[in-house]
Amino acid sequence: MINIKKTILTAGVLSFSLLIPLSVCSANNTTEQLITKGKYIAVAADCGACHRQATAHGKPYAGGNAIDSPMGRIIASNITPSESFGIGNYTEKEFANAVRRGIAADGSHLYPAMPYTAYHAMTDTDLHALYSYFMYGVNPVDSAPEEKTSLSFPFNIRQLMWGWNLLFSSNQPFREITNSPPQVNRGKYLVEVLGHCSTCHTPRNLMMAEDKSKNLSGSPLGGWYAPNITPDKDSGIGSWSQQEIVVYLKTGHIAGKASAAGPMAETVENSFRYLSDSDLNAIATWIKQVPVISTAPAYHSAIRPPLTDINKVISGQGDQASLADSTTTDGSELYNAACASCHGINGQGTADHFYPSLTSNSAVSSPTAQNLVMTIVEGLNRKSSDGDVSMPAFGKQLTDSQIASVTRFVRYQFSAIDDKITAQQVTGWRNGGDTPFIVSYINYFIGLGGLAVVAVFSLIIFSVKKRRQ
C-alpha cells in the first residue's frame, strides 16, 4: 500500500480524493509509473542480490546478507523505507549521495562492495524512479540485520575511504557515444552503470580499484573467477553470437558452451532473467563491440588421451552418499562415483542438455580451474527463465585432495588441459582466493606511515631548535 502522505511525488503537496478526484487519480498514475520504473531499475542494478536477508525466503531488501570481501565480511544494510532501521528518513539528495558517491545520510562512507563506482553515472530520471520505488513501493522492515560489519583495523575506519574515493572514484555523468544507435548507448548504460559488470569482470590494481586498461578481461572473485567477457575468440566470448549472449543472460546456460554457477548464477536468477529482450539485446550489442583483450591461459595443453571406460575401474557407486567413507584420490574413480551418473562416462551430458556436457564447457576449459573447483565444492542452484537447475555440493563429502584429483581428471580427460591442481590451491579458493596486495601489506604501510609522521615531527623540532640558536 502507498502511504496517503506520500502519494504525490511530483506536486510536493497533499491532495484529497474527495476534493480533487481527477488530480489525485492522475498523480496516483504518475506515482505507479515511477514505482514500476524504479522496480525495473532495482532489478537491473541487482540491488536485491546483496541487500537480501541471509535466511531463505527472507524479506526483500531487509539486509543481513554477508558479502565476503578480502577485507572481511561486509553485512548488507536494510534499505527498506523503515524510519528506524532502514532508509525511510533519507531525502532524495541523501539517497543520491549513497547510490552515487557511497556516502550514507549520517556522513559515513560505504565500502565499494556497494558498486557506487558504477552507479555514479546513473541518470537523474533513473535515480528519481529508484528513490520512488524504495520509498513507496517497498514494504518497510522494522528490524536491523542480526550481524554488523566488523572489519579489522584499519579497514574499520570508514573515513579512510575518502582518500580511496579521491583516487579511484568518479563523479562524471553518463556520456553517450555520439552518432551511435540508441541500442548501443542503452547497452553501454546497462553494462557500465546499472549492471556494473566491470565490478566483477575487471581485474583490480594493488589498491583494489578496477584496472580500466583491462576492462572486462576477467578477474578473481573470491574463490570464483569472473571470466573474460571481451570479444576475444580464444580467451573471451568472441565465438558467441549475439543471440547466444541473450540466451545465456536469460537462462544461465548455452548448450555446449557454458553454464552459470556461483555469483553469475545469482545474477541471472535475481536480475538478468527479468530484463526485457530489448535490454538483453542491447547488452549483447555493447559487449560484442568492446575492445578485445586476450588473456593467456594458465595451463599447459596436452594431447587429449583416449577416453577410458571408467566403469571398469570401479563399480557399485554412483550417488553422493556413497562418497561418505571414500578415501580414494584416484580422479577416475571419483568421477565415476560422483559425476558420471549425470554427466556421462564420456562427459557428454544428456541429449536435452539438462545435465551439461563437460567436453565443451567453459568451466572445464577455462584458463583457471577455479570455477570448476568451486562448482564441485558448492554445487549449483539456479532459477532461470527456462526452469530450475541444481547440482549437489560435494564440499563436505570430498576432501580438498579428492577435489583436486577429480578436477585434474576432468580437465585432462575432457579438455586436454594438463595443469597440476593441488589440494592447497583448492583450500585457498574455498577460503576466498589469494589475499590482495593491500590486505597482505597493510601493516607495513601503517608502520611506514608512522615512521613518516615521526620523521616529519622530528624535522619540525629540529628546525625550531635551529632557528632559536
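Residues numbered from 1 in each chain as written. Predicted model: local features only at pLDDT ≥ 70, side-chain atom pairs only at ≥ 80, totals over all residues. Heavy atoms only, no water.

Enquirer: How do you make sense of the environment of Glu92 when you look at a structure like this?
Expert: Relative to the helices and strands, Glu92 is located in helix H3 (residues 92–101). Classification of Glu92 as partly exposed rests on a relative accessible area of 31%. In this structure, the C-alpha to C-alpha distance between Glu92 and Ser132, residues 40 residues apart in sequence, is 8.8 Å. Apart from the residues within four sequence positions on either side, Glu92 is in contact with His128 and Tyr131. (Helix = DSSP H or I, 4+ residues; strand = E, 2+ residues; numbered from the N terminus. Buried < 20%, exposed > 50% of the residue type's maximum accessible area, 1.4 Å probe, protein only. Contact = heavy atoms within 4.5 Å.)

Enquirer: Whenever I open this one, the pattern of salt bridges confuses me. Can you help?
Expert: Opposite charge on two side chains allows them to pair when their charged atoms are near. Following the criterion strictly, the structure yields 11 salt bridges and no others. A salt bridge links Arg73 to Glu147, with the nearest nitrogen and oxygen atoms 3.0 Å apart. With Arg73 in strand S2 (residues 72–75) and Glu147 in the loop between helix H5 (124–136) and helix H6 (161–168), the pair connects residues that are 74 residues apart, well separated along the chain. Relative accessible area serves as the criterion here: at 41%, Arg73 is assigned to the partly exposed category. With its nearest N and O atoms 2.9 Å apart, the salt bridge here joins Lys257 to Glu244. (Salt bridge = Lys/Arg side-chain N within 4 Å of Asp/Glu carboxyl O.)

Enquirer: Where do I start with the packing of aromatic side chains in this structure?
Expert: When we look at a pair of aromatic rings, we describe it by the centre distance and by the angle of the planes. Enumeration over the complete set of coordinates arrives at 12 aromatic pairs. When the centroid spacing of 5.6 Å and the interplanar angle of 45° are considered together, the rings of Tyr335 and Phe409 count as tilted. Taken together, the positions of Tyr335 in helix H12 (residues 331–338) and Phe409 in helix H16 (residues 400–415) put the pair 74 residues apart, joining distant regions of the chain. Residue class for Phe409 comes out buried when judged on its relative accessible area of 14%. Put simply, the rings of Tyr61, Phe95, Tyr131, Tyr133 and Phe134 touch in pairs and so form one group of aromatic residues. (Phe/Tyr/Trp six-rings, centres within 6.5 Å; stacked < 30°, edge-to-face > 60°.)

Enquirer: I tried to follow the packing of H12 against H16 on my own but got confused; where do I start?
Expert: What describes two packed helices is the angle between their axes and the distance between those same axes. Close contact between H12 and H16 brings their axes to 8 Å; oriented N to C, the two are set at 90°. When the axes of H12 and H16 are compared, the pair comes out roughly perpendicular. On the side of H12, the interface is formed by Gly331, Ser332, Leu334 and Tyr335, while H16 contributes Gln402, Ser405, Val406, Phe409, Val410 and Phe414. Among the residues making up the contact of H12 with H16, the classes are represented as 6 nonpolar, 4 polar and no charged. (Axes fitted to C-alpha atoms, helices over the stretch in contact; angles between N-to-C directions. Parallel < 35°, antiparallel > 145°, perpendicular 65-115°, else oblique. Nonpolar A, V, L, I, M, F, W, Y, C, P; charged D, E, K, R; others polar.)

Enquirer: Would you take a moment to explain unusual backbone geometry for this structure?
Expert: Comment: phi is negative for the bulk of residues other than glycine, and the bulk of peptide bonds are trans. Phi at Tyr61 is positive, roughly 65°, even though this residue is not glycine. On the secondary structure map, Tyr61 appears in the loop between helix H2 (47–50) and strand S1 (66–69). Of note, the phi angle at Met208 is positive, near 70°, even though the residue is not glycine. Here Met208 is to be found in the loop between helix H8 (198–201) and strand S3 (219–221).

Enquirer: I would appreciate a short explanation of the environment of Trp240 in the present structure.
Expert: Position of Trp240 among the secondary structure elements: in the loop between strand S4 (224–226) and helix H9 (242–251). For the pair Trp240 and Lys288, spaced 48 residues apart in sequence, the C-alpha to C-alpha distance is 8.9 Å. Trp240 has contacts with Ile245, Tyr248, Ile254, Lys257, Ala258 and Lys288, leaving out every residue within four places of it along the chain.

Enquirer: What is the right way to look at the side chain of Thr80 in this model?
Expert: Structurally, Thr80 is set in the loop between S2 and H3. Among the residues examined, Thr80 registers a relative accessible area of 0% and is labelled buried. With near-sequence residues (within four places) excluded, Thr80 lies in contact with Pro60, Tyr61, Ala62, Gly86, Ile87, Gly88, Val138, Asn139, Pro140 and Val141.

Enquirer: Got a minute to help me understand empty space enclosed by the protein in this structure?
Expert: A probe as big as a water molecule, rolled over the atoms, marks out the empty space that is left. Taken as a whole, this structure holds 2 cavities of 30 Å³ or more when the rule is applied. Taken as a whole, the largest cavity spans an internal volume of roughly 40 Å³. Surrounding the largest cavity, Leu334, Ala338, Cys339, Ile376, Met391, Phe394, Leu398 and Val406 form its lining. For the lining of the largest cavity, a count of residues per class yields 8 nonpolar, no polar and no charged. (1 Å grid on protein atoms, 1.4 Å probe; cavity = no way out; pocket = protein on both sides within 12 Å on 5 of 7 lines; lining within 4 Å. Points joined across faces, edges and corners; volume = space filled by probe spheres on them.)

Enquirer: When you look at the layout of surface pockets in this model, what are you seeing that I'm missing?
Expert: Its boundaries defined by the atoms lining it, the second largest pocket holds a volume of some 700 Å³. Along its surface, the second largest pocket is lined by 42 residues, and His343, Tyr355, Pro356, Leu380 and Met391 are the ones closest to its centre. Elements that contribute at least two residues to the lining of the second largest pocket include exactly strand S5 (253–254), strand S6 (258–259), H12, helix H13 (340–343), helix H14 (362–365), helix H15 (370–378), strand S7 (380–384) and strand S8 (387–391). Among the elements that line the lining of the second largest pocket, the one with the most residues is S8, at 5 residues. The class makeup of the residues in the lining of the second largest pocket is 22 nonpolar, 14 polar and 6 charged.

Enquirer: Help me out: how do you make sense of the pairing of S7 in this one?
Expert: Sheet faces and side chains relate simply in a regular strand, where the side chains alternate between the two faces. Covered by surrounding structure in S7 are Leu380, Arg382 and Ser384 only, the residues Asn381 and Lys383 on the alternate face being uncovered. The pairing of S7 with S8 spans 5 bridges and is classified as antiparallel. Across the sheet, the residue bridging to Arg382 is Val389, located in S8. The hairpin turn running from S7 into S8, its antiparallel successor, is 2 residues long. (Pairing = 2+ DSSP bridges.)

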